[in-house]
Amino acid sequence: MMVKSSRVVYSAGFFLTVSPDTLIEVAQSCVERNAIFAVNLSAEFIVEFFKDKLASVVEYADFVFGNETEAAKYAAVNKLENGEAATVAQAIAALPSKRKRPRTVVITQGSGETVVAQGGKVHKFAVPALDADAIVDTNGAGDAFVGGFLSQLLLGKKLKVCVDGAHYAAQVIIRTSGTKLEGQPSFSE
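Worth saying up front: this structure is predicted, and the values here are computed from it rather than measured. (Residues numbered from 1 in each chain as written. Predicted model: local features only at pLDDT ≥ 70, side-chain atom pairs only at ≥ 80, totals over all residues. Heavy atoms only, no water.)

Novice: Honestly, the nonpolar core in this entry has me stumped. Any pointers?
Specialist: If you look at soluble globular proteins, the nonpolar side chains tend to sit buried side by side. Counting 33 residues, the largest nonpolar core has F37, V39, V57, V64 and I92 as its most contacted members. Secondary structure elements with two or more residues in this core: α1 (20–33), β2 (36–40), α2 (44–49), α3 (51–58), α4 (68–77), α5 (85–93), β4 (104–109) and β5 (112–118). For F37, the contacting residues outside a window of four places in its chain are V9, L23, A27, C30, V57, Y60, A61, D62, F63 and R99. (Core = buried A, V, L, I, M, F, W, Y, C linked by side-chain atoms within 4.5 Å. Buried < 20%, exposed > 50% of the residue type's maximum accessible area, 1.4 Å probe, protein only. Helix = DSSP H or I, 4+ residues; strand = E, 2+ residues; numbered from the N terminus. Contact = heavy atoms within 4.5 Å.)

If you want it as structure tokens, here you go:
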């Protein structure tokens, strides 16, 4: 099974609508092997209607990704004091964990700063400016962000470089119509 040899396993929250037990089994395997498990909140309806299943999966997660609308919905559903990204990121990071290492929660806010809760601290990272005329298609921006982040994590890079890689990947994808990418990536620290 390919999952058993992976150093990092990532799942969108959408998988909770199909087979939450399978996702938990994969997450448990990551804990047993000390592999990294990452999950995405994915959509407001996942946070709202799959709340308990999501909470069960987050217990195993080393990394949780989401955006500002998902964070706001999480705050409302879980009756947090406010829906600000930092508040939600800290709340998710502090949830019970089956891991020995602290959970990292990353909340994007479009062109607004990216918020990361890690080890009891909140870090904020500015998103590089991008001319609005350069934006062609925002579909896939969140997935590209996660891919950019995890690619740098696998290379052993520090948090700032992971976020920089995420911003880079998201900005590449939103400048492209559809999924046809050309050329080689040019990200560098």
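After that view, the rundown keeps rolling.
Novice: I'm lost on helix α6 (residues 141–154) in this one. Help?
Specialist: Note: α-helices contain 3.6 residues per turn, so residues at a spacing of three or four share the same orientation. Between the first and last C-alpha of α6 there are 20 Å, a value that for 14 residues agrees with the 20 Å anticipated at 1.5 Å per step. Residues of α6 that are buried sit in contact with β1 (8–12), β2, β3 (63–67), β4, β5 and α7 (159–174). Looking one or two places after α6, you find G156, whose phi comes out positive at around 80 degrees. (Expected span 1.5 Å × (residues − 1).)

Novice: Got a minute to help me understand the packing of α6 against α7 in this structure?
Specialist: Packed helices, taken two at a time, are described by the angle between their axes plus the distance between the axes. The contact between α6 and α7 brings their axes to 7 Å, and the two run at 145 degrees. For the pair α6 and α7, the sense of crossing is right-handed. Where α6 approaches α7, its residues A141, A144, F145, G148, F149, Q152 and L153 are matched on the opposing element by L159, V161, C162, V163, G165, A166, H167, A169, A170, I173 and I174. Here the residues of the contact of α6 with α7 sort into 14 nonpolar, four polar and no charged. (Axes fitted to C-alpha atoms, helices over the stretch in contact; angles between N-to-C directions. Left-handed = near helix turned anticlockwise from the far one by under 90°. Nonpolar A, V, L, I, M, F, W, Y, C, P; charged D, E, K, R; others polar.)

Novice: How should unusual backbone geometry be read in this particular structure?
Specialist: Among all residues except glycine, the phi angle is most often negative; among peptide bonds, the trans geometry is most common. In the Ramachandran plot, S42 falls in the positive-phi region, its phi being about 75 degrees despite a non-glycine side chain. Tracing the chain through its elements places S42 in the loop between β2 and α2. For K79, which is not glycine, the phi dihedral falls at a positive 55 degrees. Tracing the backbone through its elements, the reader meets K79 in the loop between α4 and α5.

Novice: What's the story with the packing of aromatic side chains in this structure? I'm lost.
Specialist: Centre distance and the angle of the planes are the two values used to describe a pair of aromatic rings. A complete count under the given rule lists seven aromatic pairs for this structure. Here the aromatic rings of Y10 and F65 are separated by 6.5 Å at their centres, their planes lie at 80 degrees, and the arrangement is edge-to-face. One end of the pair, Y10, is in strand β1; the other, F65, is in strand β3, with 55 residues separating them in the sequence. Its relative accessible area of 29% is what places Y10 among the partly exposed residues. Overall, the relative accessible area of 2% leaves F65 in the buried class. Summarising the aromatic geometry, the rings of F63 and F149 are spaced 5.7 Å apart at their centres and angled 65 degrees between planes, so their arrangement reads as edge-to-face. Of this pair, F63 sits in strand β3 while F149 sits in helix α6, and the two are 86 residues apart along the sequence. By relative accessible area, F149 is classed as buried at 1%. Site record: aromatic cluster; members linked through ring pairs are Y10, F63, F65 and F149. (Phe/Tyr/Trp six-rings, centres within 6.5 Å; stacked < 30°, edge-to-face > 60°.)

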